[in-house]
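# Understanding the architecture of this molecule
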Amino acid sequence: LSIRTANVARALAAAVIFGLAIFGILVVYAPDSVALSPNNYGWNGIHEVSSAYAVNFTTSLSSVPPGSVLVIMQPSANFSAQDIAAVRAHLEKGGTVLVADKSGFANSLLQGLGSGVTVESQDSIQDPIYNWKASTLPTALIQRGVAQGFPFAKNVSGIALNLPSPLLLQGRNSTAIAATSQLSYVADATSKTQIVKGPFTVAAAERVGKGTLVVVSDSQFLLNSEWRIADNAAFIGNIFANSSVYIDASHWSSSPLTSSTAQLKAEFGQAYAVISAIPMRYLVTLSFVVVALLLMPGRERTRRRPHSPNER
Amino acid sequence: VKRSRQLVVESAVIASVLVMITLGGSIATTHLPPSFANLQNPASVTKHYDLGALAQYYNATLTDIGTGSYPNASFMLDTFSFVNIPASVNQTALKANADLAALNSSIASASTNLTRAQSALDSRDYVNATSLTETACQQAKSANSSLSAFQGPDTAKFHALSVPTVSYAKGRALAAGEVSSLLSACDRLTSLLKGNALLVISSPQRTIQTGGTVVLNGSLEVNGTGVGGQDAVFFVNGTRFGSLVTDSAGDLGGTLTIPFLYKPVAIIQAIVGRNTTVGLDGGYSNLLNFTILFNQTSIVVGDPPAYLPTQSFHASGNLTTISGVPLPNAPVDVTFLGESVMTTTNTQGEFGARLTVPANATDGTYYVYAAFAPQGAFGPSFNFTSVKVVHLPLTLTVSAPFAYAGFPTDVTGTATANGTGVAGAHVTLDTPWGTYGTVTDGSGRFKVAVTVSPTSFAFAAPIKATAAPSEPYIAAETVHPSLHFLNILVAILPAVLLVTVTYEADKLGAFERFKRPRPRLDKTLEGYAPYGTVAAKAAGGATTLPEPLAAFREAQLLGVAKYGLHFKPSQTIREAIAVVEMASKGNGFEEFRRIAMTAEDYLYAPEFERSRIDLATRDLDSLKRYWS
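Residues numbered from 1 in each chain as written. Chains lettered and ligands numbered in written order. Predicted model: local features only at pLDDT ≥ 70, side-chain atom pairs only at ≥ 80, totals over all residues. Heavy atoms only, no water.

Residue and element names in this part refer to chain B. At a minimum axis separation of 10 Å, helix α3 (residues 70-78) and helix α4 (residues 87-122) run at an interaxial angle of 160°. Taken together, α3 and α4 sit at an angle that is classed as roughly antiparallel. Like other packed secondary-structure pairs, α3 and α4 cross with a definite hand, here left-handed. On the side of α3, the interface is formed by Tyr-70, Ala-73, Ser-74 and Leu-77, while α4 contributes Asn-97, Leu-100, Ala-101, Asn-104, Ile-107, Ala-108 and Ser-111. (Axes fitted to C-alpha atoms, helices over the stretch in contact; angles between N-to-C directions. Helix = DSSP H or I, 4+ residues; strand = E, 2+ residues; numbered from the N terminus. Parallel < 35°, antiparallel > 145°, perpendicular 65-115°, else oblique. Left-handed = near helix turned anticlockwise from the far one by under 90°. Contact = heavy atoms within 4.5 Å.)

Below you can see the structure in the form of structure tokens.
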């Protein structure tokens, strides 16, 4: 290999390594625009929540650690018997399950758990006066005295929501946590006229085993765009406080977990875990030194020896 | 050609970096299909205020007040911060809400007090009935005032701000009806409590010792005439405590003993019953207010022994007057380390309280305070005793083996108390490389893997081990052992430094004097005949130099002949060019310089083109013509 070719090869190798480093940094740290992504700073991300609390994603409901908070948000598929059994086991061991859904897919889970709460997904609530921007964005009011039985409602007065659906409470164990005002209503989808007047329950809770099941009929109140509105931060904070949080990604058709970014991040994370262990970290450090020495232009190689007469 | 190749390489490097940046950025901002999350962006919703809805809000609130749903009305007013109204309406709304809050509170209180006053009247408790009726009437008037403020100025301002005030007319009428009803009830009760007797009582005292005596005087008249022989019954705070009989002139006087009271104020009132024979309908007197004193009491508390944290003990004592009369059912506050226990004396004035030594109490002497705790501040007695708190000592032993920097080593130890291993104790190791924690096992042993940082170059470092038992009655313990270790970099780094310094010194020629002199170029050229000369051919044995060097050598010889130049063996080619430039003053210099540069490029350039030899040969021919 001639010296000139070796220099070109070194320059290209250094460029590739530098480029790969930038690639990795961008993938891991650059904000994305994936809905419900912790790295999404936009209106539909959950960066604010995930910055304040240790938020993880899970694709296996049975692997959620006991005592943690399981968040089932915006499911787009029904829950199987196995899923229901896993959630029930989590609750009975003292865990908390927060269901945030207005689509109605969570009803299969709620019915499977024997809960008296049903999401009436066919209706959307509007409130002309208790709202945070317009009637389609109502603010639900925490009911008096519920904080005694459910401490997560302590120091919370209102929750900002986005076109929530009414909750139907039929069980004895179900407690209404938050309701829209008596001026709220459900409008007919086509004529836009009032068909039912409020108040409507939009957040409810039940004791299941040693755990707590919380149902909110809106999927958006954890998003960046609503996190700082009303008492959402305090409400979520009370539920998430002193616990690790796991968001169910197994009932999404696609998700932040299935995005190429997340998969690459996971790969990077696994690789980092491997090279962090002894003695790999020392070997990797040593290899960096060796690569740097190889890439560094040698002083002696910058000059050529004189041509011998025989070269010609 | 060379430059273009360099551009290709540079472009490839830049392109490689840009491709990775673009790729990384593209992946980081990848979108998922919209069907994944059917979300509504709040930013797309136009802000909208509904003043009609605000009027409905007030209608609902007033309806709640008017129908007795006071908690609902209060809830509506408390949550007003979540109501979406324009800023121009906000101040007026806040003022209106303050009026409605006052209205709601006054109506609720007045309604309750009127009900209680009616109940007291039914049970002939005239003292409370009078007091409650007066309070209720004031509250009803206050409610009326608040409603007037809302109906008047507040509604006028709302109307000016385009709020459709007619929408809350129904609720307003309901609230007005409720206020009117309360005022009527107030008038009715007030008239009921009035009789035809004028019973007036007085006392020279303003204070009474609890359980002490009070001097009372008074008079009873009916239509301006004193009525004798009537029994006036006296009540203190609603409790009957004695009676006095009027003399023939209708006057009464005497000293009565009140019961032990534990409230700050005593209200005394007298009542005379109906006696139709003397035309007496019955009636009640004026109220006398007294301050209750508690400074003639004595409290004693027993002396408990020493206790461990978390242990409970019983503190007891008794409460009497200074003359030794026990105070029955008296409130006593027993306080220990910030924790208060309220208890009550029995009929013998004895009290007791179960106290617990806090888990976080440190060794020392603490005090148990016992205080007579009536609802008043005029001299309640108090006393205290001491309690000694002790902990069991903990013995902590730590063993730290020799370690190697960069690799973990196990620090072990044992925590014992009273000769027994302490299980579950939290052990913390503070080292210069971080803090480690663990918990002792069932035998009180522990093990912590400590990794000495590769940047530590000492041979030992102090560590601090602290054991905090889970049992609060066992004291925590801290020891300061040393951890001995070796960092192999201590040997490697000086060696690398030595090699580097030696290398650089060699390059700088520091060791030249110790070396055999290396042949210089000029020396190398000695003995070589110029290329192509007849003399070289004739010499036969002389070695021929490469053409570029031969040309340079011959040009030097021409310079020596022409200008008497002296080329030193240590001079470089560039220095030789400078010498010729000064001597030649332009004559043949360019030709000499090109020949010299051809020689230099031949020696050191990465590439050398043979065509330059021909140019150098032509320059040498020209030089011969100039300098011969």
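To continue, consider the side chain of His90(A). Residue and element names in this part refer to chain A. Position of His-90 relative to the elements: it lies in helix α3 (residues 81-92). Looking at His-90, the relative accessible area reads 4%, which means it is buried. At 2.9 Å, the side chain of His-90 and the backbone oxygen of Ser-68 are in polar contact. (Buried < 20%, exposed > 50% of the residue type's maximum accessible area, 1.4 Å probe, protein only. Polar contact = N/O pair within 3.5 Å; in protein donor to acceptor, adjacent residues only side chain to side chain.)

The next point concerns the packing of helix α10 (residues 547-563) of chain B against helix α11 (residues 573-584) of chain B. Each pair of packed helices gets described by two things: the angle between the helix axes and the distance between those axes. Residue and element names in this part refer to chain B. Between α10 and α11, whose axes approach to 11 Å, the crossing angle comes to 35°. The two elements α10 and α11 cross, and the hand of that crossing is left-handed. In this structure, α10 uses Phe-552, Gln-556 and Tyr-563 to contact α11, whose residues at the interface are Ile-573, Ala-576, Ala-583 and Ser-584.

All names here are of chain B. Within this structure, the stated rule accounts for 1 disulfide over all chains. Covalent S-S linkage joins Cys-137 and Cys-186, the inter-sulfur distance amounting to 1.5 Å. Between Cys-137 and Cys-186, the disulfide has an S-S torsion of 125° and is therefore right-handed. Of this pair, Cys-137 sits in helix α5 (residues 126-160) while Cys-186 sits in helix α6 (residues 169-192); the two residues are 49 residues apart in sequence, bridging distant segments of the chain. This pair shows no difference in class: Cys-137 is buried, exactly as Cys-186 is. (Disulfide = S-S within 2.5 Å.)

On to the packing of aromatic side chains. Residue and element names in this part refer to chain B. Summed over all chains, the structure comprises 27 aromatic pairs over all chains. Ring centres of Tyr-58 and Tyr-168 lie 6.0 Å apart, and the angle between their planes is 70°; this geometry places the pair in the edge-to-face category. Taken together, the residues span a long stretch of sequence, with Tyr-58 in helix α2 (residues 51-66) and Tyr-168 in the loop between α5 and α6 at a distance of 110 residues. The same class applies to Tyr-58 and to Tyr-168, which are both buried. Judged by centre distance (5.4 Å) and plane angle (85°), the ring pair of Tyr-563 and Trp-627 falls under edge-to-face. In this pair, Tyr-563 is assigned in helix α10 and Trp-627 in helix α13 (residues 611-627), connecting sequence segments 64 residues apart. For Trp-627, a relative accessible area of 4% corresponds to the buried category. (Phe/Tyr/Trp six-rings, centres within 6.5 Å; stacked < 30°, edge-to-face > 60°.)

All names here are of chain B. For chain B, per-residue confidence averages 84 on the pLDDT scale, and residues scoring 70 or more make up 91% of the total. Scored below 50 in pLDDT, residues 31-35 makes 7 contacts in the model with residues more than four places away or belonging to other chains. Scored below 50 in pLDDT, residues 518-539 shows 32 contacts in the model against residues more than four places distant or in partner chains. Taken together, the chains of this predicted complex give a pTM of 0.53 and an interface ipTM of 0.77. (pLDDT = per-residue confidence, 0-100.)

What follows deals with the sheet that holds strand β11 (residues 297-301) of chain B. What holds strands together in a sheet is hydrogen bonding between their backbones, with the strands either parallel or antiparallel. Residues and elements named next belong to chain B. Strand order in the open sheet formed by 3 strands is β11-β12-β15, and the pairing between neighbours is antiparallel. A strand with exactly one partner marks an edge of an open sheet, and here the two such strands are β11 and β15 (350-356). For this sheet, the mean angle separating the axes of adjacent strands, direction not counted, is 25°. Bridge analysis of β11 against strand β12 (residues 312-321) gives 5 bridges, and the strand direction is antiparallel. Its bridge partner being in β12, Thr-297 is matched across the sheet by Thr-321. (Pairing = 2+ DSSP bridges.)

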